[in-house]
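Analysis of the macromolecular model
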Amino acid sequence: MTPTLAAAAADPALRGAFLGMLRSLAAAHGLDPEDLEQQVWLRAAAEAPVSHPGARLRALTIQEFRAATAEAEVLSRAREAAERQRGSASADATCPERRALAAEQARELRAAIARLPSRCPVLMAALLESPPLSYRELSEDMSMPRGSIGPVRARCLACLRHALRDVRTWAPPSGS
């Protein structure tokens, strides 16, 4: 019988190779290695039995790494928009268009965050703080387990991405 990926990953050699690759990817791109590892293990636990667990574990690691870097990019853009909003008061007075655009983007972001479900608005606001809070600080501030922050953040960012896409593709009805 072929073992499940999670069971096969208990092999110390496989786990060591996996963790080395995962930590290298996370460090090279400023990601939290524990969060990335948790996402991979969650996916591995849901996998059906596989004949080549090492190859599948590497593939899952790459997939989760790509998803995490995409999430980090969305969060980075949101932080930039928040920074522009904070800095718009001190923006060059000769560029009212820039100030107006930055203010509009910040309004869109705040409105989209406010429409997010559950704990997402509070978590996203905390993640947008500058400098960003650590997972330890977020865990304490939000009274949530440290290991839950990454998965909740991923769901919140997916919802935010969807909400912002809806705002940008919406067009007012034509008055005929």
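Because the structure is a prediction, the values reported are computed rather than measured. Here the residue numbers are simple positions, counted from 1 along each chain's written sequence. Predicted model: local features are reported for residues with pLDDT of at least 70 only, side-chain atom pairs are reported and counted for 80 or more only, and whole-chain, interface and lining totals are derived from all residues. Computation of side-chain values covers all heavy atoms of the structure but excludes hydrogens and water.

**Considering the overall build of the protein chain**
Rules: Where helices and strands are cited, they refer to DSSP runs of H or I of at least four residues and of E of at least two residues respectively, numbered from the N terminus. Two residues qualify as a contact provided that any one of their heavy atoms is within 4.5 Å of a heavy atom in the partner residue. To measure how exposed things are, a 1.4 Å probe is used in the Shrake-Rupley method; for residues, cover is taken only from the protein chains shown.
What the protein chain contains, in helices and strands, is 8 helices and 0 strands. If you list the helices and strands of the protein chain from N to C, you get α-α-α-α-α-α-α-α. Long-range contacts, defined here as pairs at least 24 residues apart, represent 62% of the contacts in the protein chain between residues at least 6 apart. Accessible surface, the protein chain: about 10,300 Å² in total, of which carbon and sulfur atoms supply 57%.

**Structural notes on the state of the cysteines**
Stated formally: Disulfides are defined as cysteine sulfur pairs within 2.5 Å. Only protein chains enter the accessibility calculation, which uses a 1.4 Å probe; a residue whose area is less than 20% of its type maximum is buried, one above 50% is exposed, and one in between is partly exposed.
Taken as a whole and assessed by the stated rule, the structure comprises 1 disulfide. Here Cys 120 connects covalently by a disulfide to Cys 156, the sulfurs 2.1 Å from one another. When the S-S torsion is -85 degrees, as for the bridge of Cys 120 with Cys 156, the disulfide is left-handed. With Cys 120 in helix H6 (residues 120–127) and Cys 156 in helix H8 (residues 146–169), this residue pair connects regions lying 36 residues apart in the sequence. The two residues Cys 120 and Cys 156 agree in class, both being buried.

**Section: the pattern of salt bridges**
Heads up, the rule is: One speaks of a salt bridge when a side-chain nitrogen belonging to Lys or Arg is within 4 Å of a carboxyl oxygen belonging to Asp or Glu.
Under the counting rule described, the total for this entry stands at 3 salt bridges. The residue Glu 140 makes a salt bridge to Arg 136 at a minimum N-O spacing of 3.5 Å. Taken together, the positions of Glu 140 and Arg 136, both in helix H7 (residues 135–142) and 4 residues apart, correspond to about one turn of that helix.

**Side note on H7**
Note the cut-off: Read the arc as the range of directions from the helix axis to the C-beta atoms.
For H7, the complete set of buried residues consists of Tyr 135, Leu 138, Ser 139 and Met 142. Down the axis of H7, the buried set is contained in an arc of 100 degrees. They therefore lie on one face. Turned more than 90 degrees off the buried face of H7, the exposed positions are Glu 140 and Asp 141. Immediately beyond the C-terminal end of H7, within one or two residues, lies Ser 143, with a positive phi of roughly 50 degrees.

**Comments concerning the nonpolar core**
The cut-off we apply is this: As used in this record, nonpolar core signifies buried Ala, Val, Leu, Ile, Met, Phe, Trp, Tyr and Cys residues forming a set joined through side-chain atoms within 4.5 Å.
By size, the foremost hydrophobic cluster in this structure holds 26 residues, and its most contacted members are Leu 109, Ile 113, Leu 123, Met 124, Leu 138 and Leu 160. Those elements giving two or more residues to this core turn out to be helix H4 (53–87), helix H5 (96–114), H6, H7 and H8. Here this core gets 7 residues from one element, more than from any other, and that element is H8. If near-sequence neighbours (up to four positions away) are discounted, Leu 138 is found in contact with Leu 123, Ala 126, Leu 127, Leu 133, Ser 143 and Ile 149. Grouped together as the second largest cluster of nonpolar side chains are 14 residues, Phe 18, Ala 26, Leu 31 and Ala 68 included.

**What about the side chain of Thr 61?**
Residue position: Thr 61 is located in helix H4. Residues contacting Thr 61, with those up to four places away along its chain left out, are Phe 18, Met 21, Leu 22, Leu 25 and Val 40.

**Concerning the environment of Ala 125**
Summarising the element assignment, Ala 125 is placed in helix H6. Among the residues examined, Ala 125 registers a relative accessible area of 45% and is labelled partly exposed. Expressed as a C-alpha distance, the spacing of Ala 125 and Ala 114, which sit 11 residues apart in the sequence, is 9.5 Å.

**With respect to the side chain of Ser 139**
Here is the rule: Counted as a polar contact is a pair of N or O atoms within 3.5 Å, where, for protein atoms, one must be capable of donating a hydrogen and the other of accepting one, and residues adjacent in sequence contribute only when both atoms are in side chains.
Locating Ser 139 in the fold gives a position in helix H7. Polar side-chain contacts of Ser 139 include one of 2.7 Å to the backbone oxygen of Met 144. When residues no more than four places from it in sequence are discounted, the contact partners of Ser 139 are Met 144, Pro 145, Arg 146 and Ile 149.

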